[in-house]
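Working through the structure, step by step
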Amino acid sequence: MSGMKTEHMNFRTRKTMDQIRDGIRRAAAAERADLLALDGDPLGGVNQPEIAVLLDGVHPLNRSRRWGVQVYVTELGQERGVELVALGEGTWARALHQGGYSLGLSKKHWEKIAGGLR
């Protein structure tokens, strides 16, 4: 049985944290996704993301097909580092759990999300 699969996209932007927050909100609304906060490391530490959220959505025609993209943003002085993580499970795992994230569907959405954050 295959477990969770991920693919990562990293880039830097000169947008402010407020502009990035607004971009994430707009992306969630445009993609009809729920915006969920992710808890950081409870012990804290250096280089912890200042923004850590999950955009959680479903396919409009097939509600059992879900997608998820995690967004992490870290302040880097003059720039902000952005990491998007597309989430997915293998076909067998999705069948067993009667749902779960589709990596292909998640990747379709992460490009649109990234466009608003660059």
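As the structure is a computational prediction, the values presented were derived from the model and not from experiment.

A word on the nonpolar core. Formed by 24 residues in total, the largest nonpolar core has its most connected members in I24, L55, V71, L84, I113 and L117. Mapped by element, the contributors of at least two residues to this core are β1 (4-13), α1 (17-30), β3 (51-58), β4 (66-76), β5 (79-89) and α3 (103-117). If sequence neighbours within four positions are ignored, I113 has contacts with A27, L55, W67, V69, V71 and L84.

The next thing to look at is the layout of surface pockets. Considered as a void within the structure, the largest pocket measures approximately 210 Å³ in volume. Among the elements that make up the lining of the largest pocket, the one with the highest residue count is α3 (three residues). Looking at the lining of the largest pocket, its residues break down into five nonpolar, two polar and four charged.

Turning our eyes to something else, we now look at the side chain of D56. With respect to the element layout, D56 can be found in strand β3. The exposure class of D56 is buried, given its relative accessible area of 14%. Not counting the four nearest positions on each side in its chain, D56 is found in contact with A33, D34, L36, R66, W67 and Y101.

Spanning 14 residues, α1 covers 20 Å between terminal C-alpha atoms, matching the ideal 20 Å at 1.5 Å per step. Taken together, the buried positions of α1 are occupied by M17, I20, G23, I24, A27 and A28. An end-on view of α1 places all buried positions within 135° of arc, on one side of the element. For α1, exposure combined with an orientation more than 90 degrees from the buried face picks out D18, R26, A29 and A30. Buried residues in α1 make contact with β1, β2 (34-37), β3, β4, β5 and α3. Where α1 ends, the next residue or the one after it, R32, has phi of about 55°, a positive value.

Criteria and thresholds
Residues numbered from 1 in each chain as written. Predicted model: local features only at pLDDT ≥ 70, side-chain atom pairs only at ≥ 80, totals over all residues. Heavy atoms only, no water. Core = buried A, V, L, I, M, F, W, Y, C linked by side-chain atoms within 4.5 Å. Buried < 20%, exposed > 50% of the residue type's maximum accessible area, 1.4 Å probe, protein only. Helix = DSSP H or I, 4+ residues; strand = E, 2+ residues; numbered from the N terminus. Contact = heavy atoms within 4.5 Å. 1 Å grid on protein atoms, 1.4 Å probe; cavity = no way out; pocket = protein on both sides within 12 Å on 5 of 7 lines; lining within 4 Å. Points joined across faces, edges and corners; volume = space filled by probe spheres on them. Nonpolar A, V, L, I, M, F, W, Y, C, P; charged D, E, K, R; others polar. Expected span 1.5 Å × (residues − 1). Arc of directions from axis to C-beta.

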